[in-house]
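Spelled out, the chains give:
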Amino acid sequence: MDILSVRWSAKYGHFLRAEANVNAITYPVPPRTAVLGLVAAILGLEKDALAIELAELQVAVRGAVPMRFWHRVKLRKDPPNTLPYEIKSNQRGSDSPAPEKATLHRQEWLLKPQYELQLAWPTQPTRFNELVERIEQRRWHFTPCMGLSELLSDVEFIDCQSAMRLPLGLQQIQGLCPVDEVRLIAEQNLGVHLLRLPRHVSANRVFSHAPYYLEHQGRSFTVETAAAWQTNNWTGVFL
């Protein structure tokens, strides 16, 4: 199976947690659904088309957990006044514009997030080749972002190579790892976290979640699994 490796980075990032309340906390790494949104933007798919057209895309994510900080954003509760269809030379602005209704909203942002993505699409070789060409030529349909549309990001082509499926056994894997595919082997001096992230999304924007293991500093850790894949520079499990 061919696997495309890309580097996804930005100055800031934000992936809203499903359990967030008035304080918009973020996931430390992009869920599979966020990566699907990135691919949909590159290919130019409609907003909710990714639930069906990208349902079989294989995604793996690795990278250290970035630093986080709180940011206060001003959100308008009402749309701005509409502009007139005709502009006259002696026209002046409204003497008594409607007061703006807005609120200050706290968001937790990621500082300089950088992740390496592994993407495979064996059921759609034509679309996969288009994705490889677009990323390699930096020719995306919509501008990539890191979670929020205001947080512009960069997508860099690393490599596209053939991967080998590994047999059942102990493997040193890298990046996010679904709990239901592996048995974790305890090791010293490793900070393996348990996260619950969105995995699938329906056309009606209903999300399903799954638990994952993640090493805090992005280091390799040992699991027993039959679902690992390996390339020249990556060994891991798809989300």
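The rules we used
- Residues numbered from 1 in each chain as written.
- Predicted model: local features only at pLDDT ≥ 70, side-chain atom pairs only at ≥ 80, totals over all residues.
- Heavy atoms only, no water.
- Axes fitted to C-alpha atoms, helices over the stretch in contact; angles between N-to-C directions.
- Helix = DSSP H or I, 4+ residues; strand = E, 2+ residues; numbered from the N terminus.
- Parallel < 35°, antiparallel > 145°, perpendicular 65-115°, else oblique.
- Contact = heavy atoms within 4.5 Å.
- Nonpolar A, V, L, I, M, F, W, Y, C, P; charged D, E, K, R; others polar.
- Pairing = 2+ DSSP bridges.
- Buried < 20%, exposed > 50% of the residue type's maximum accessible area, 1.4 Å probe, protein only.
- Salt bridge = Lys/Arg side-chain N within 4 Å of Asp/Glu carboxyl O.
- Phe/Tyr/Trp six-rings, centres within 6.5 Å; stacked < 30°, edge-to-face > 60°.
- Lys NZ or Arg CZ within 6 Å of the ring centre and 35° of its normal.
- Expected span 1.5 Å × (residues − 1).
- Arc of directions from axis to C-beta.

Chemist: What is the right way to read the packing of helix α1 (residues 32-43) against helix α3 (residues 125-136) from this model?
Modeler: How two helices sit against one another is set out by the angle between their axes and by the gap between those axes. The interhelical angle for the contact between α1 and α3, taken along N-to-C directions, is 80°, at an axis separation of 10 Å. By the angle between their axes, α1 is roughly perpendicular relative to α3. Contacts from Val-39, Ile-42 and Leu-43 of α1 reach α3 at Arg-127, Glu-130, Leu-131, Arg-134 and Ile-135. Looking at the contact of α1 with α3 residue by residue, the class counts come to 5 nonpolar, no polar and 3 charged.

Chemist: Even after reading the chapter, I still don't get the sheet that holds strand β9 (residues 169-173), so can you show me in this structure?
Modeler: Backbone-to-backbone hydrogen bonds pair the strands of a sheet. The strands run either parallel or antiparallel. The strand order β9-β14-β11 describes an open sheet built from 3 strands, whose pairing is antiparallel. Edge strands, defined here as strands with exactly one partner in the open sheet, are β9 and β11 (182-184). Within this sheet the neighbouring strands show an average axis-to-axis angle of 40°, counted without direction. Pairing analysis gives 5 bridges linking β9 to strand β14 (residues 221-225), with the strands arranged antiparallel. If you follow Leu-170 over to β14, its bridge partner there is Glu-224.

Chemist: Is there a simple way to think about the environment of Met-164 in this case?
Modeler: Note that Met-164 resides in strand β8 (residues 164-165). Residue Met-164 is classed as partly exposed on the basis of its relative accessible area, which comes to 47%. On a C-alpha basis, the gap between Met-164 and Val-201 in space is 28 Å, while along the polypeptide they are 37 residues apart. If near-sequence neighbours (up to four positions away) are discounted, Met-164 is found in contact with Ala-228, Trp-229 and Gln-230.

Chemist: Got a minute to help me understand the pattern of salt bridges in this structure?
Modeler: It is possible for side chains bearing opposite charge to pair when their charged atoms get close. Throughout the structure, instances matching the rule amount to 9 salt bridges. Of the charged contacts in the structure, one is a salt bridge between Arg-199 and Asp-180, with a shortest N-O distance of 3.4 Å. Taken as a pair, Arg-199 in strand β12 (residues 192-201) and Asp-180 in the loop between β10 (177-178) and β11 lie far apart in primary sequence, 19 residues in all. Exposure remark for Arg-199: the relative accessible area of 14% places this residue in the buried category. Each of Glu-53, Arg-127, Glu-130 and Arg-134 takes part in one network of salt bridges that share partners.

Chemist: Where do I start with the packing of aromatic side chains in this structure?
Modeler: In total, this model carries 6 aromatic pairs according to the counting rule given. Between the aromatic rings of Phe-69 and Trp-109, the centroid separation amounts to 6.2 Å while the plane-to-plane angle is 75°, which identifies the pairing as edge-to-face. Of this pair, Phe-69 sits in strand β4 (residues 67-76) while Trp-109 sits in strand β5 (residues 102-111); the two residues are 40 residues apart in sequence, bridging distant segments of the chain. Phe-69 gets classed as partly exposed once you look at its relative accessible area, which sits at 27%. The buried category is assigned to Trp-109, whose relative accessible area is 11%. A network of ring pairs unites the aromatic residues Tyr-12, Phe-69 and Trp-109 as a single cluster. Stacked on the ring of Trp-70, the Lys or Arg Arg-106 has its end atom at 4.3 Å from the ring centre.

Chemist: Could you clarify how one ought to interpret α3 in this entry?
Modeler: Side chains of residues three or four places apart in an α-helix project in the same direction, reflecting 3.6 residues per turn. With 12 residues, α3 should cover 16 Å at 1.5 Å per step; its first-to-last C-alpha distance of 16 Å lies within 8% of that length. Listed in full, the buried residues belonging to α3 are Phe-128, Leu-131, Val-132, Arg-134 and Ile-135. Buried positions in α3, seen along its axis, are confined to an arc of 165° and lie on one side of it. Looking at the buried residues of α3, the elements they touch are β1 (2-10), α1, β6 (114-120) and β7 (153-162).

Chemist: Just to check I follow, could you spell out unusual backbone geometry for this structure?
Modeler: A negative phi holds for most residues other than glycine; trans holds for most peptide bonds. If you check the backbone angles, Lys-112 has positive phi at about 50° while not being a glycine. Here Lys-112 falls in the exposed class, since its relative accessible area comes to 63%. One non-glycine residue, Arg-138, lies in the positive phi region at around 55°. Checked against the element boundaries, Arg-138 lands in the loop between α3 and β7.

Chemist: Honestly, α1 in this entry has me stumped. Any pointers?
Modeler: Along its 12 residues, α1 runs 17 Å from first to last C-alpha, staying within 8% of the 16 Å computed at 1.5 Å per residue. The element α1 is extensively covered by neighbouring structure, given that 10 of its 12 residues are classed as buried. Three or more residues of α1 are buried, namely Arg-32, Thr-33, Val-35, Leu-36, Leu-38, Val-39, Ala-40, Ala-41, Ile-42 and Leu-43. Just downstream of α1 lies Gly-44, where phi reads positive at about 80°.

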